[in-house]
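# Coordinates in review
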Amino acid sequence: MKKIGEYRRLLGVDATVTLAELKKIYRDEMKACHPDRFQHDETEKEAAELRSREVIEAYHFLVSINPATLEAEKPEFEATVTNQAIIDYKYENVRLEITFDNGITYEYISVPKATYIKMINADSPARFAKRHILRNFPYRKVSNAS
């Protein structure tokens, strides 16, 4: 959740922001920090490039976890976690990425390390994940089917 809070602070939004508001804030931020505005000063241009990359990353992340986005993708998510087998998973810093056999990868945020350890030590990690992780932690779609 730390990552979510940092991104929200960067864009100055809260958890109730709509997609339309988020898009407007993103566009305004990009107008203010676009590197093309600083063509005559290399130091400011480099700072603007860094800032714009951070804003772009924050925007895409917050759009992917926005309730409207999750609601629109819910049928696909439900079909994937219900009918597809887990083929790979990777845990890094309270984020668990799970790849399903249809090629879709979801990132589960704020998964405690103890829960991940229980999953990998379970007789069936996939069954453990389906019961204790897939619908219990905030998630976002990381990649589509290949």
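Below or above, wherever it landed, is the structure these notes cover.

Definitions and cut-offs
Residues numbered from 1 in each chain as written. Predicted model: local features only at pLDDT ≥ 70, side-chain atom pairs only at ≥ 80, totals over all residues. Heavy atoms only, no water. Helix = DSSP H or I, 4+ residues; strand = E, 2+ residues; numbered from the N terminus. Buried < 20%, exposed > 50% of the residue type's maximum accessible area, 1.4 Å probe, protein only. Contact = heavy atoms within 4.5 Å.

## Regarding the overall build of the chain
Per the secondary structure count, the chain includes six helices and four strands. Its C-alpha atoms put the chain at 60 × 30 × 30 Å along the principal axes. Counting over 146 residues, the chain shows a buried share of 35%. Residue pairs in contact within the chain that sit at least 24 positions apart in sequence constitute 57% of those at least 6 positions apart.

## Remarks on the side chain of Ser52
Relative to the helices and strands, Ser52 is located in helix α3 (residues 42-65). Other than its neighbours up to four places away in sequence, Ser52 contacts Met30, Cys33 and Pro35.

## Section: unusual backbone geometry
One non-glycine residue, Val94, lies in positive phi territory at about 60°. In this model, Ser110 sits at a positive phi of 70°, which is unusual for a non-glycine residue. In this fold, Ser110 is placed in the loop between β3 (105-109) and α5 (113-121). For Ser110, a relative accessible area of 22% translates into the label partly exposed.

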